[in-house]
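Okay, here's what each chain looks like letter by letter:
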Amino acid sequence: MSYTGSAPGACTGSVIGSYAVSVQELLVIDDLLSALVGIEGRYISIKIVHGKEGPVVFQIDSSMDLALQELTRRIFPLCEDYVLVRQFVESRSHFKNGLVNHALAAALRAFLLDYQAMVAQLEHQFRLGRLSVQGLWFFCQRMMSSLNALVVLVEKATFNNTSGSATLNLLQSQAKAMGGDSAVRSLLEKMTEYASAAYLRMLERWVYEGVIDDPYGEFFIAENKSLQKESLTQDYDAKYWQQRYSLKEGIPSFLTNVAAMILTTGKYLNVMRECGHNVQVSLENSKLMSFGSNHQYLECIKSAYDFASGELLTLMKDKYDLIGKLRSLKRYLLLDQGDFLVHFMDIAREELMKKPEEISAEKLQSLLDIALRSTAASSDPTHEELICCVERSSLLKKLATLKDLDCACPADKLIAADVDQLMQLSITGLETFCLSNKVLFAVRFKPSSFAFVLRCRNDIPCRTLQVQWPLSLVISRKALTKYQLIFRVLFHCKHVSRQLCAAWQIQQVFRSVKILGTPILRSSILCRSMLKFVNSLLHYLTFEVLEPNWHSMHDRLQTARSIDEVIQIHDLFLQKCLKECLLLSPELLVKVEKLKALCLQYATSIQLLMPSIEVANSENTSKAGKSKSRTNISQDRDQQLKLASENVVMSESILKFEAAFNSELQSLAPTLSNSSHAEPYLTHLAQCILGVRMDQ
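Please read these numbers as outputs of a predicted model, since none were measured by experiment. Here the residue numbering is sequential within each chain, running from 1 through the sequence in written order. Local features are withheld for residues below a pLDDT of 70 in this predicted model, meaning they are given only at 70 or higher, and side-chain atom pairs are given and counted only at 80 or more; totals for whole chains, interfaces and linings count all residues. Only hydrogens and water are set aside when side-chain values are computed; all heavy atoms of the structure are taken into account.

Asker: Whenever I open this one, the overall build of the protein chain confuses me. Can you help?
Answerer: Counting its regular elements, the protein chain contains 26 helices and six strands. Residues classed as buried in the protein chain amount to 51% of the 696 residues present. Contacts: residue pairs with any heavy atoms within 4.5 Å of one another. When contacts within the protein chain are restricted to residue pairs at least 6 apart in sequence, long-range pairs at least 24 apart make up 75% of them. What counts as a helix is a DSSP run of H or I of at least four residues, what counts as a strand is a run of E of at least two, and both are numbered from the N terminus. Whether a residue is buried, partly exposed or exposed follows from its accessible area with a 1.4 Å probe, protein chains only, as a fraction of its type maximum: under 20%, in between, or over 50%, in that order.

Asker: Whenever I open this one, the packing of helix α19 (residues 477–507) against helix α22 (residues 586–609) confuses me. Can you help?
Answerer: Any two packed helices are characterised by the angle at which their axes cross and by the distance between the axes. Two elements in contact, α19 and α22, have axes whose closest approach is 9 Å; the angle formed by their N-to-C orientations is 35°. Along this stretch, α19 crosses α22, giving a crossing that reads as left-handed. Residues Val489, His492, Cys493, His495, Val496, Gln499, Leu500, Ala502, Ala503, Ile506 and Gln507 of α19 pack against Glu593, Lys596, Cys599, Leu600, Tyr602, Ala603, Ile606 and Gln607 of α22. Each residue is assigned to one of three groups, with Ala, Val, Leu, Ile, Met, Phe, Trp, Tyr, Cys and Pro labelled nonpolar, Asp, Glu, Lys and Arg labelled charged, and all others, Gly among them, labelled polar. Taken together, the residues of the contact of α19 with α22 break down into 12 nonpolar, five polar and two charged. Only the stretch in contact is used when a helix axis is fitted, and all axes are lines through C-alpha atoms; the angle between N-to-C directions ranges over 0 to 180 degrees. If you view the pair so one helix is near and one far, a crossing is left-handed when the near helix is turned anticlockwise from the far one by less than a right angle, and right-handed when it is turned clockwise.

Asker: In this structure, what is going on with unusual backbone geometry? I would like to understand it.
Answerer: Backbone phi values are negative for most residues with the exception of glycine, while trans is the configuration of most peptide bonds. For Asp321, which is not glycine, the phi dihedral falls at a positive 50°. Residue placement: Asp321 occurs in the loop between α10 (296–319) and α11 (322–333). For Asp321, a relative accessible area of 37% puts it in the partly exposed group. With a phi angle near 70°, Leu582 is a residue other than glycine that sits in the positive phi range.

Asker: Would you mind showing me how to read helix α20 (residues 519–558) here?
Answerer: In this analysis, the expected span of each helix is defined as 1.5 Å times one less than the number of residues it contains. Here α20 contains 40 residues, and its C-alpha end-to-end distance of 57 Å stays within 8% of the 58 Å for a straight helix at 1.5 Å per residue. Bend is the name given here to the angle between axes fitted to two runs of seven residues, the run ending at a residue and the run starting at it. Along its length, α20 shows its largest kink, about 30°, at Leu546, and proline Pro548 lies within four residues downstream of that point.

Asker: I keep staring at the pattern of salt bridges and nothing clicks. Help me out?
Answerer: Criterion for a salt bridge: a side-chain nitrogen of Lys or Arg within 4 Å of a carboxyl oxygen of Asp or Glu. Tallied over the entire structure, the rule returns 17 salt bridges. Linking Glu123 and Arg127 is a salt bridge whose minimum nitrogen-to-oxygen distance equals 3.2 Å. With Glu123 and Arg127 both in helix α3 (residues 98–127) and four residues apart, the pair spans about one turn of that helix. Classification of Glu123 as partly exposed rests on a relative accessible area of 32%. On the basis of relative accessible area, Arg127 is assigned to the exposed category, the value being 52%. A salt bridge links Glu209 to Arg205; the nearest nitrogen and oxygen atoms lie 2.9 Å apart. Of this pair, Glu209 and Arg205 are both found in helix α6 (residues 182–209), four residues apart, which corresponds to roughly one turn of the helix. Residue Glu209 is classed as partly exposed on the basis of its relative accessible area of 39%. Using a relative accessible area of 30% as the deciding quantity, one classes Arg205 as partly exposed. Several salt bridges share partner residues, and in doing so they unite Asp30, Glu123 and Arg127 into one network.

Asker: Even after reading the chapter, I still don't get the pairing of strand β6 (residues 433–437), so can you show me in this structure?
Answerer: Both faces of the sheet carry side chains from a regular strand, because those side chains alternate between them. Within β6, five of the five residues are buried, leaving the element largely enclosed by the surrounding structure. Both faces of β6 are covered, namely the face carrying Phe433, Leu435 and Asn437 and the face carrying Cys434 and Ser436.

Asker: Even after reading the chapter, I still don't get the packing of α11 against α20, so can you show me in this structure?
Answerer: Across the interface, α11 lies against α20 with an axial gap of 12 Å and an inter-helix angle of 175°. With respect to their mutual orientation, α11 and α20 come out roughly antiparallel. Together, Ile323, Leu326, Arg327 and Lys330 of α11 and Glu547, Trp550, His554, Leu557 and Gln558 of α20 make up the contact between the two elements. When grouped by side-chain class, the residues that make up the contact of α11 with α20 number four nonpolar, two polar and three charged. With respect to orientation, any angle under 35 degrees is reported as roughly parallel, any angle over 145 as roughly antiparallel, any angle of 65 to 115 as roughly perpendicular, and every other angle as oblique.

Asker: Can you help me understand the environment of Glu218 in this one?
Answerer: Note that Glu218 resides in the loop between α6 and β3 (221–223). Between the C-alpha atoms of Glu218 and Gly250, which are 32 residues apart in sequence, the distance is 9.2 Å. Discounting chain neighbours no more than four positions away, the residues touching Glu218 are Asn97, Gly98, Leu99, Val100, Asn101, Gly164, Ser165, Tyr199 and Met202.

Asker: What is the right way to look at the nonpolar core in this model?
Answerer: Looking at soluble globular proteins, one finds that nonpolar side chains tend to be buried together. Nine residue types can take part in a nonpolar core, namely buried Ala, Val, Leu, Ile, Met, Phe, Trp, Tyr and Cys, and a core is a set of them joined through side-chain atoms within 4.5 Å. Core analysis: the biggest nonpolar cluster contains 121 residues, and Phe344, Phe433, Phe533 and Leu583 have the highest contact counts within it. With 16 residues, the top contributor of residues to this core is α20.

Asker: Could you clarify how one ought to interpret the packing of aromatic side chains in this entry?
Answerer: Each pair of aromatic rings is reported with the distance of its centres and the angle of its planes. Any Phe, Tyr or Trp ring, taking Trp's six-membered ring, that has another such ring centre within 6.5 Å forms a pair; planes under 30 degrees apart are called stacked, those over 60 apart edge-to-face, and the others tilted. Enumeration according to the criterion identifies 19 aromatic pairs in this entry. Residues Phe254 and Tyr297 carry aromatic rings whose centres are separated by 5.8 Å and whose planes lie at 80° to one another, so their mutual orientation is edge-to-face. Separated by 43 residues along the polypeptide, Phe254 in the loop between β4 (245–247) and α9 (259–274) and Tyr297 in helix α10 bring together distant segments of the chain. Side by side, Phe254 and Tyr297 carry an identical accessibility label, which is buried. When the centroid spacing of 5.9 Å and the interplanar angle of 80° are considered together, the rings of Tyr602 and Phe657 count as edge-to-face. Placement of Tyr602 in helix α22 and of Phe657 in helix α25 (residues 648–678) is noted, with a sequence separation of 55 residues between them. The two residues Tyr602 and Phe657 agree in class, both being buried. An aromatic cluster is built from Phe344, Phe433, Phe487 and Phe491, whose rings are joined through pairwise contacts. A ring is scored as having a charge over it whenever the NZ atom of a lysine or the CZ atom of an arginine sits within 6 Å of its centre and within 35 degrees of its normal. In this structure, Arg74 is placed above the aromatic ring of Trp137, and the distance from its NZ or CZ to the ring centre is 5.9 Å.

Asker: Quick question: what am I supposed to make of the state of the cysteines here?
Answerer: By definition, a disulfide is the covalent link that joins the sulfur atoms of two cysteine residues. Note on terminology: disulfide denotes any pair of cysteine sulfur atoms within 2.5 Å. Applying the stated criterion to the full structure yields zero disulfides. Cys493 carries a free sulfur, and the closest cysteine sulfur to it, the one in Cys581, is 9.2 Å from it. Judged by relative accessible area, Cys493 falls into the buried class, the value being 0%. Not engaged in a disulfide, the cysteine Cys501 finds its nearest cysteine sulfur in Cys527; these two sulfurs lie 7.7 Å apart.

Asker: How should I be thinking about the confidence of the model for the protein chain in this particular structure?
Answerer: The predicted coordinates of low-pLDDT regions are not to be read in fine detail. Looking at the protein chain as a whole, its pLDDT mean stands at 80, while 79% of the residues score no less than 70. Helix α23 (residues 618–624) is the least confidently modelled element of the protein chain, averaging 43 in pLDDT, while helix α21 (residues 563–580) averages 94, the highest of any element. Within a predicted model, pLDDT stands for the predictor's per-residue confidence, ranging from 0 to 100. Considering only residues more than four positions removed or in separate chains, one finds that residues 612–627, a stretch of pLDDT under 50, has nine contacts.

Asker: What is the right way to read the side chain of Ser497 from this model?
Answerer: Relative to the helices and strands, Ser497 is located in helix α19. At 3.1 Å, the side chain of Ser497 and the side chain of Asn535 are in polar contact. Leaving out residues up to four positions away in the same chain, Ser497 has contacts with Leu531, Val534 and Asn535. Whenever a nitrogen or oxygen atom comes within 3.5 Å of another N or O atom, the pair is scored as a polar contact, on the condition that within protein one atom can donate a hydrogen and the other can accept it, and that pairs from neighbouring residues in sequence are kept only if both atoms are in side chains.

Asker: Just checking my understanding: could you explain helix α5 (residues 165–177) for this structure?
Answerer: Structural remark: α-helix, 3.6 residues per turn; residues separated by three or four positions point the same way. Counted at 1.5 Å a residue, the expected span for α5 with its 13 residues is 18 Å, and the 18 Å between its end C-alpha atoms agrees. Among all positions of α5, only Ser165, Thr167, Leu168, Leu170, Leu171, Gln172, Gln174 and Ala175 are buried. The secondary structure elements touched by the buried residues of α5 are α3, α4 (133–160) and α6.

Written out as structure tokens, the structure reads:
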């Protein structure tokens, strides 16, 4: 703002300089009283600079007495400040400027009313003949600094076009800058308190109800309505919990340190409201009336957070049995209760040996139900929640599609290292079978895909299942996928072990051949080594990885104080299990998968190449009239076994498998030993596998 002493003589009649000085003083006081409220007088005019809402300049008739001109010019800044503040009030009273600017404009309007009351009192004194220009200047001193501070404020607000939290931050910074003037600082703090009232009402609704009441987009929490909670159970990359509600830029400075707590509090209340759980927050002594120096508002926010966190955690644990659901996942997907799986693998072997696209989903599910009902799992009420899934890709290909895993190998290298492709193995249900849970996850039935739900509780095929919210916050589609990756590793190890056991049983009929160094004897030793390798791997996965990590997670969950902490603990458990199960170490995983593939090829070859020796029993031979003595039967059997042991094809195959297995095992040992220095958990695996090698 600026003003000048040169006046264009905007008054009517005689110039003011033609009057006596005493009369000039009376005339200029009358004009000044009008100028103080932004009205032109006979000898004082107003010039607007830079458009309708630009700064104003007050000018005076240059013929006035010089002493009076000097005193008058001292009062002009107050007049100009009043006009600028009034313009700001009028411009910020529109709806588009937001609730905070509305509240600030109302507070400024109240201040201007007090200012106008002061001018009215001065005018009354003037009418009584008790006011001089010097007296007017004296009485205006009290308002000069206050209005000037407000003008600085409104100029910055206008220049930056502030709203919402930006306006509150500006008010606070201006108040702090006036530390040397207690009166002005008190005024700005009062303005801040008034302006923040609307913001605190929005904050109250969020931390006490979980509702965003923000018609003008001023609140620092944004809501993405396109993200629905159902995405947690359908989409692996669902970002509902992180992105449904998020912090925006421009957080009020007095809330910066508790912004995350405020965000979380409302999120917790939202979860409970969507569960139909009525939450009643006690508001006694908790109203967010202001954010004064006593920091009482921080205590209110902390209390609201503690209430929402505790209430949601209790709801999840008690009503929705979170720990029980996690225990159920451990029981079945981490094979803590494996007796049902043995029975299932027996009765479903024929179906699982088919290609994934040829498997009958309904038949596989019915076989799973039979296995569950005929084993100890029948006493567990959660066994009815299990459903079968059959993926279409191998384990390495599946890992390559999950880009969020902290995997040390690029996706293209994982696919290129696919063991099934390298060893020319066809993918069957035994490599891609996994389990899911129909209560936790809502999935859609698609006849052309097998990684979907097969049926609902009443055994009637359905298109959708009921979503179990809010358990999906902790056990999301991403979390389930990680459980399924671990299950596939365990299941495949079980399958390899069973195949080797079958091969071992077939070879027992050759024990009567007392020829040392024959391929049959070498095959027996090789089969034992392979079994030890696979069983040691299973022991490591179960008792060195899953069990300790599970108990550690379970203990930490007992002391968790919020759902975010529960999610963090659960995610850490899964990440650690994936890492220690080698699913995040592609180099080691590929070597282990090659060893398992060799074991499978060997077991299959043994079952195909070794003949089954059938000795007719005495009852059957007597009916045929071809009864033989036990001695003759034994001689025939030994002769067939001897011929089988000399089979060139079988001998070459056994030697080939022995060389390949030993070579892969030898290449794995140094890799494990070297990696164990950086990853201590590999020490246990190295001890298991190196122990197998040392026994040979």
